[in-house]
Amino acid sequence: MSDNSPDDWLWLSEPDASELETELVGAALRAPRWSAGAMVERFEAHFAQQLGRAQAVAVSSGLAGTWLALRALGIGPGDEVVCSAYGWHQVAHAIALAGAMPVFADIDYWSGCLDPARAAAKITPATRAILAGNVNGHPAAWGPLRALADERGLALIEDSTEAIGSVYQGQPVGSFGDLSVFDFSQPAALLTGEGGMVLTDDPRLASELRYLRGRTLADRRSVSIGARVPMQAALSEPAAALGLAQLARLDELLERRQAVVSAYLEQM
């Protein structure tokens, strides 16, 4: 909050910490390892279980997660990725950083999400994936997008950062993509300061994501040669502890957000 902000503003994305966050972060700080430890593994396991996915890989940010997802799929120079013309610039940046070309398709007027028919019109022989997001908490048309990706033999990447907790046809967002990406930086509902998560049901993709995410302690004396050099894109133990606590309180956090929204709607 800046010094010149009104005192009576209700902040939608103000961090919400309870005794649980304090307890788990304290436990992480008392542990002998502050990276690549048990807290990250617990956060990954609980997050995957909550979303009904087989694998979860914690990363340093949503942008890093999207880039690693593209790399795990083998997408790079000469490839195209169809994405929404309306969204965070980090999505297009991740595609460009992977060496591929972002191809923008228009959105559905009512949802603000990528329109499946307009996405279909942008597919070319160079297209390798469709990357769609859930805008402002509203799920995209995952049924038609999933059908389109399957019909054209494309990967489907789901950016679910803005809609954690939302449901589409009885399934939570984050459960539709071959890879689904979440970001935990402000103003996300689940905050770890900085961080993200990539979900998948494919053990091969999960293994590749973990390899690309960062070198392990055992790799310190190794030399990496070629295009598969790992990044330094892991989540720390204290950040994972925050995420684990926030995940346990997710319903409470989302209810608080709805109360803020209702207060503004009432005043307007």
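Details of the structure are given in the entry above.
Fair warning: this is a prediction, and the values are worked out from it, not measured in the lab.

What counts as what
Residues numbered from 1 in each chain as written. Predicted model: local features only at pLDDT ≥ 70, side-chain atom pairs only at ≥ 80, totals over all residues. Heavy atoms only, no water. Axes fitted to C-alpha atoms, helices over the stretch in contact; angles between N-to-C directions. Helix = DSSP H or I, 4+ residues; strand = E, 2+ residues; numbered from the N terminus. Parallel < 35°, antiparallel > 145°, perpendicular 65-115°, else oblique. Left-handed = near helix turned anticlockwise from the far one by under 90°. Contact = heavy atoms within 4.5 Å. Expected span 1.5 Å × (residues − 1). Buried < 20%, exposed > 50% of the residue type's maximum accessible area, 1.4 Å probe, protein only. Polar contact = N/O pair within 3.5 Å; in protein donor to acceptor, adjacent residues only side chain to side chain. Pairing = 2+ DSSP bridges. Salt bridge = Lys/Arg side-chain N within 4 Å of Asp/Glu carboxyl O.

Considerations on the packing of helix α1 (residues 19-30) against helix α8 (residues 237-248)
Inference 1: Between α1 and α8, the least distance of the axes is 8 Å, while the angle of their chain directions is 155°. Put simply, α1 runs roughly antiparallel to α8. By crossing handedness, the relation of α1 to α8 is classed as right-handed. Listed contacts from α8 to Leu 20, Glu 21, Leu 24, Val 25, Ala 28 and Leu 29 of α1 are Glu 237, Pro 238, Ala 241, Leu 242, Leu 244, Ala 245, Gln 246 and Ala 248.

What to know about the environment of Gly 133
Inference 1: By secondary structure assignment, the location of Gly 133 is in strand β4 (residues 127-133).
Inference 2: With residues up to four places along the chain from it excluded, the contact list for Gly 133 reads Cys 113, Ala 140, Trp 142 and Asp 159.

Considering α8
One full turn of an α-helix is made of 3.6 residues, so residues set three or four places apart face in the same direction.
Inference 1: For α8, with 12 residues, the first-to-last C-alpha span of 17 Å sits near the 16 Å given by 1.5 Å per residue.
Inference 2: Among the 12 residues of α8, 10 are classified as buried, and the element is accordingly described as predominantly covered.
Inference 3: Capping of α8 at its N-terminal end is provided by Ser 236; its side-chain oxygen lies 3.2 Å from the backbone amide nitrogen of Ala 239.

With respect to the pairing of strand β3 (residues 101-105)
Inference 1: With five bridges connecting them, strand β2 (residues 80-84) and β3 associate as parallel partners. Along β3, the bridge assignment pairs Val 82 with Val 103.

Section: the pattern of salt bridges
Inference 1: Summed over the entire model, instances satisfying the criterion amount to 12 salt bridges.
Inference 2: Residue Asp 16 is joined to Arg 256 by a salt bridge in which the shortest nitrogen-to-oxygen separation is 3.5 Å. Of the two residues, Asp 16 sits in the segment before α1 while Arg 256 sits in helix α9 (residues 250-267), which places them 240 residues apart along the sequence.
Inference 3: When the shortest N-O distance is used, the salt bridge between Arg 204 and Asp 202 registers 4.0 Å.

Description of the pairing of strand β9 (residues 196-200)
Inference 1: Buried residues dominate β9, accounting for five of its five residues.
Inference 2: Residues Gly 196, Val 198 and Thr 200 line one face of β9 and the alternating positions Met 197 and Leu 199 line the opposite face, and both faces are buried.
Inference 3: Pairing between strand β8 (residues 179-183) and β9: four bridges, direction antiparallel. Each bridged residue has a counterpart across the sheet, and for Ser 180 the counterpart in β9 is Leu 199.

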